[in-house]
Amino acid sequence: ESKKAYEILENYKKPSVLKKIVEETKKRDFSKVKKINHTPVKYNGGLIAEIKRKSPSEQNIATEIDIIAQAKIYESAGASAISVLTEPKHFGGSFDDIVKIRNAVKLPILCKDFIISEEHIDAANNVGADMILLIAAILDEEDLGHLHGYAESLGLQVLVEVHNKSELEKALAIKPKIIGINSRNLHDFSINPEIFDQQKPLIPKNTIVVAESGIENFQDIPKYADGA
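A few points on the structure. (Residues numbered from 1 in each chain as written. Predicted model: local features only at pLDDT ≥ 70, side-chain atom pairs only at ≥ 80, totals over all residues. Heavy atoms only, no water.)

Overview of the pattern of salt bridges
Close approach of charged atoms allows side chains of opposite charge to pair. This model, assessed by the stated rule, comprises eight salt bridges. The closest approach of N and O atoms between Asp-113 and Arg-28, which form a salt bridge, is 3.0 Å. With Asp-113 in the loop between β5 (109–112) and α6 (118–126) and Arg-28 in the loop between α2 (17–25) and β1 (48–51), this pair connects stretches of sequence that are 85 residues apart. The exposure classification of Asp-113 matches that of Arg-28, with both residues buried. (Salt bridge = Lys/Arg side-chain N within 4 Å of Asp/Glu carboxyl O. Helix = DSSP H or I, 4+ residues; strand = E, 2+ residues; numbered from the N terminus. Buried < 20%, exposed > 50% of the residue type's maximum accessible area, 1.4 Å probe, protein only.)

Encoded structure:
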């Protein structure tokens, strides 16, 4: 009667931005990324502050941002890590951003991208990232497990991102040390803060659980989150 089910059906029939970005990611060349020397820094929970110029949901956010100045503000304000978008077309990022921030601050750096290959992980590691993001929505369980293990073999931490129960089950099968619960619907970009409360009890207690998306102030951070 409310037509909600029909709206959801129509929404999921639309082409997914996520699928489009993944197809474009397959064409990216990671072979020219130069390696820099760095000592890995570990993330143990807390606020992950983000460098993001634009996104499909918000369009232009901060296209002219001075990323070094911003990273130093995050560090001095007490952030526990810095997330850097490196996808170029839809988010306006690059691996050079990580290199610049790596040389400016001592915080752990998360390479936030749509990672689907070992070559992509190598590139993140080469430019000085300490953590990578693996999105359960774009990887099957075998690939998720393989890439998770490969990243850890390089000394990288891995944040596995989930959006729903089926993705969480896929993630739990590989026993990640860090899980990010994203409250954003990747089809229509709407936010549902209840997703965190629904999934957090299903995650083992020794796992760092990060609340992602929809956080505009301190009150928006879920009570039982280890990070945000």
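Let's talk about the environment of Asp-226
Mapping Asp-226 onto the fold places it in the segment after β9 (208–212). Not counting residues up to four positions away in its chain, the partners in contact with Asp-226 are Tyr-43, Gly-45, Gly-46, Thr-207, Ile-208 and Val-209. In terms of polar contacts, Asp-226 uses its side chain to reach the backbone amide nitrogen of Val-209, at 2.8 Å. (Contact = heavy atoms within 4.5 Å. Polar contact = N/O pair within 3.5 Å; in protein donor to acceptor, adjacent residues only side chain to side chain.)

Points about the packing of aromatic side chains
Counted under the stated rule, the structure contains two aromatic pairs. Considering the side-chain rings of Phe-91 and Phe-114, the 5.7 Å spacing of their centres and the 35° angle between planes classify their relative orientation as tilted. You can see Phe-91 sitting in helix α4 (residues 88–91) and its partner Phe-114 sitting in the loop between β5 and α6, a full 23 residues away along the chain. Residue Phe-91 is classed as buried on the basis of its relative accessible area of 10%. For Phe-114, a relative accessible area of 8% puts it in the buried group. (Phe/Tyr/Trp six-rings, centres within 6.5 Å; stacked < 30°, edge-to-face > 60°.)

Some details on a negative patch on the surface
Taken together, the side chains of Asp-140, Glu-141, Glu-142 and Asp-143 present a region of like negative charge at the surface. Its place among the elements puts Asp-140 in the loop between β6 (131–135) and α7 (141–153). (Patch = residues over 30% accessible without salt bridge, like charges linked within 9 Å, V, L, I, M, F, W, Y side chains within 5 Å. Areas by Shrake-Rupley, 256 points an atom, 1.4 Å probe, with all protein chains shown as cover. Lys, Arg positive; Asp, Glu negative; His and termini not counted. Charge placed at Lys NZ, Arg CZ, Asp CG, Glu CD.)

Observations concerning the sheet that holds β1
Ordered in space as β1-β4-β5-β6-β7-β8-β9, the seven strands form an open sheet in which the pairing is parallel. Of all strands in the sheet, those bounded by a partner on one side alone are β1 and β9. Looking at each pair of strands side by side, their axes are set apart by 25° on average, direction ignored. With four bridges connecting them, β1 and strand β4 (residues 81–85) associate as parallel partners. The residue of β4 that forms the bridge with Glu-50 is Ser-83. (Pairing = 2+ DSSP bridges. Axes fitted to C-alpha atoms, helices over the stretch in contact; angles between N-to-C directions.)

What to know about the layout of surface pockets
Taken as a whole, the largest pocket holds about 1100 Å³ of empty space. Taken together, 41 residues make up the lining of the largest pocket; nearest its centre are Glu-50, Lys-52, Lys-112, Arg-184 and Ser-213. At the level of secondary structure, the elements contributing two or more residues to the lining of the largest pocket comprise α2, β1, β4, β5, β6, β7 (157–162) and β9. (1 Å grid on protein atoms, 1.4 Å probe; cavity = no way out; pocket = protein on both sides within 12 Å on 5 of 7 lines; lining within 4 Å. Points joined across faces, edges and corners; volume = space filled by probe spheres on them.)

Points about the nonpolar core
Most often, soluble globular proteins have nonpolar side chains that are buried together. Ranked by size, the top nonpolar core spans 64 residues in total, and within it Ile-82, Ile-101 and Ile-132 carry the most contacts. Apart from the residues within four sequence positions on either side, Ile-82 is in contact with Ile-48, Ala-49, Ile-51, Ala-71, Tyr-74, Ile-101, Val-105, Leu-107, Pro-108, Ile-109 and Leu-110. (Core = buried A, V, L, I, M, F, W, Y, C linked by side-chain atoms within 4.5 Å.)

Considering the pairing of β5
Along β5, one buried face is formed by Ile-109 and Cys-111 and the opposite face, lined by Leu-110 and Lys-112, is buried too. Bridge count between β4 and β5: four bridges; the pairing is parallel. Within β5, the residue paired with Ile-82 across the bridge is Ile-109. Each parallel crossover has a hand, and for β5 linked through α6 to β6 it is right-handed. (Right-handed = clockwise from strand over helix to strand, strands pointing away.)

Details of the packing of α6 against α7
Each pair of packed helices gets described by two things: the angle between the helix axes and the distance between those axes. In contact at an axis separation of 10 Å, α6 and α7 are set at 30° when each is read in the N-to-C sense. In terms of axis orientation, α6 runs roughly parallel to α7. Regarding α6 and α7, the two cross each other, and that crossing is right-handed. Listed contacts from α7 to Glu-118, Ile-121 and Asp-122 of α6 are His-146, Leu-147, Tyr-150 and Ala-151. (Parallel < 35°, antiparallel > 145°, perpendicular 65-115°, else oblique. Left-handed = near helix turned anticlockwise from the far one by under 90°.)

Bear in mind that shape data such as this cannot, by itself, settle questions of function.
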